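Coordinate analysis (summary)
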Amino acid sequence: MSKIIRNWGYMGPNTPNRRYDTTEGQLMNGFPIGILQLWAHLPFFPGNVSNAYTYDFPVKFIEVKGSGIDNILAGDMSLVDNIVAAAKQLEMDGCRAICANCGFFGHYQKLVADQLDVPCYLSSMVQVPWVLVGLKSDQKVGIMTANKNTLTKSLFEACSISEEMQKRCVVYGAQDEEEFPNILTGKGGLDYDKVGDELSGIAHRMIEENPDIGAILLECTDMPPYAHRLQAELNLPVYDAITLIKYVKSTVTQTPYYGFL
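Residues numbered from 1 in each chain as written. Predicted model: local features only at pLDDT ≥ 70, side-chain atom pairs only at ≥ 80, totals over all residues. Heavy atoms only, no water.

Details of the overall build of the protein
Note the following rule: Secondary structure elements are defined from DSSP: runs of H or I of at least 4 residues count as helices, runs of E of at least 2 residues count as strands, and each element is numbered from the N terminus. With C-alpha atoms as the basis for the radius of gyration, the globule rule is written as 2.2 Å multiplied by the number of residues raised to the power 0.38. Only protein chains enter the accessibility calculation, which uses a 1.4 Å probe; a residue whose area is less than 20% of its type maximum is buried, one above 50% is exposed, and one in between is partly exposed. Here, two residues are considered to be in contact whenever any of their heavy atoms come within 4.5 Å of each other. All accessible areas in this document rest on Shrake-Rupley with a 1.4 Å probe, and a residue is counted as covered only by the protein chains that are shown.
The helix and strand tally for the protein stands at 10 helices and 7 strands. A globule of 261 residues ought to have a C-alpha radius of gyration of about 18 Å, and the protein, at 19 Å, matches this closely. When the backbone C-alpha atoms are referred to their principal axes, the protein occupies close to 60 × 45 × 35 Å. The 261 residues of the protein split such that 54% are buried. Partitioning the intrachain contacts of the protein with sequence separation of at least 6 by distance along the chain shows that 71% fall at a separation of at least 24. Split by element, the accessible area of the protein, about 12700 Å² in all, is 50% carbon and sulfur.

Examining the side chain of N71
Cut-off, in case you're wondering: Here a polar contact is recorded for every N or O atom pair within 3.5 Å, except that within protein the pair must consist of a potential hydrogen donor and a potential acceptor, and residues adjacent in sequence are included only if both atoms are side-chain atoms.
Looking at the element boundaries, N71 is found in helix α1 (residues 69–73). At a separation of 2.9 Å, a polar atom in the side chain of N71 contacts the main-chain carbonyl oxygen of G66. Engagement of the side chain of N71 in a polar contact is seen with the backbone nitrogen of G68, the distance being 2.7 Å. Beyond its immediate chain neighbours, meaning those up to four positions away, N71 contacts G66, D76, L79 and Y108.

Considering the sheet that holds strand β1 (residues 33–39)
So the rule is basically this: DSSP calls a pair of strands paired once it identifies at least 2 bridges connecting them. Note on definitions: angles span 0 to 180 degrees between N-to-C directions of axes, and those axes are lines fitted to C-alpha atoms, for helices only across the stretch in contact.
Taking strand neighbours across the sheet as the criterion, the 3 strands line up as β2-β1-β3 in an open arrangement whose pairing is parallel. Edge positions in the sheet fall to β2 (59–68) and β3 (97–100), since each has one partner strand and no second. Here the strands of the sheet are splayed against their neighbours by 30 degrees on average, with no regard to which way each runs. Across the sheet, helix α2 (residues 80–92) lies against β1, β2 and β3, angled at about 165 degrees from β2, the strand it touches most. Strands β1 and β3 of the sheet are contacted by helix α10 (residues 241–252), whose axis makes an angle of about 150 degrees with β1.

Considering the pattern of salt bridges
To keep it simple, the criterion reads: Each salt bridge in this description consists of a side-chain nitrogen of Lys or Arg and a carboxyl oxygen of Asp or Glu lying within 4 Å of one another.
In this structure the tally under the stated criterion is 7 salt bridges. The shortest N-O distance in the salt bridge between D93 and K60 comes to 3.1 Å. Of the two residues, D93 sits in the loop between α2 and β3 while K60 sits in strand β2, which places them 33 residues apart along the sequence. The two residues D93 and K60 agree in class, both being buried. The salt bridge involving R229 is made with D197; its shortest N-O contact spans 2.9 Å. Taken as a pair, R229 in helix α9 (residues 227–234) and D197 in helix α8 (residues 192–209) lie far apart in primary sequence, 32 residues in all.

Side note on the environment of R205
Considering the arrangement of structural elements, one finds R205 in helix α8. Relative accessible area serves as the criterion here: at 34%, R205 is assigned to the partly exposed category. Separated by 43 residues in sequence, R205 and V248 place their C-alpha atoms 31 Å apart. R205 has contacts with Y172 and E177, leaving out every residue within four places of it along the chain.

What follows is the structure, given as structure tokens:
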């Protein structure tokens, strides 16, 4: 692979008038965020990480060969080389940061980040330390996940969530609902409203049983289409993969404040 030439701030709407060099083999520009995709057979609603209408900036998707819902949720380490290869291709294509379309990519967070020269945030779970530092010391973060049974301690650790922080995490899963598991089994269809009602029910139950929760974090990238509903109903901050991606994008595409130059 050619040596990658970095042009931070390159090809934005206010690109300065100066000379640029680029990486040999880079055939495109203008994608601030690259997104790793596992293979899945289901619709991705607006608000989902895998729906391009979710963003008001360009993103580039790439499928990780051999990946699927089952092996990503299980943290199958035989996928590491394929994940790294896909991430490096996004890097070559000019993406300035790498994210992913499933929170369980968090299993590979440290392993992949060590192989890249651009920032890498593979799971909404990496926001947990930041969320907690903004809450009262006696408050917790409520985590809603696709499958509570596979959200393991090792994933928490891979996302730099310490054991002390884990004590302040309350985890509820959607694996036992009626409609939501169609996401996990990949049957190709999904009832939007029914999933929303199920997630709302989980969230309300979680808050009722844990009134010390000060914020909600959605692990699953299929949950952000309902983040606005949960925020309004619970009157709490809601963090998800989209808040992460938009934040990361802002850190790698700063623009000048021309009125103050």
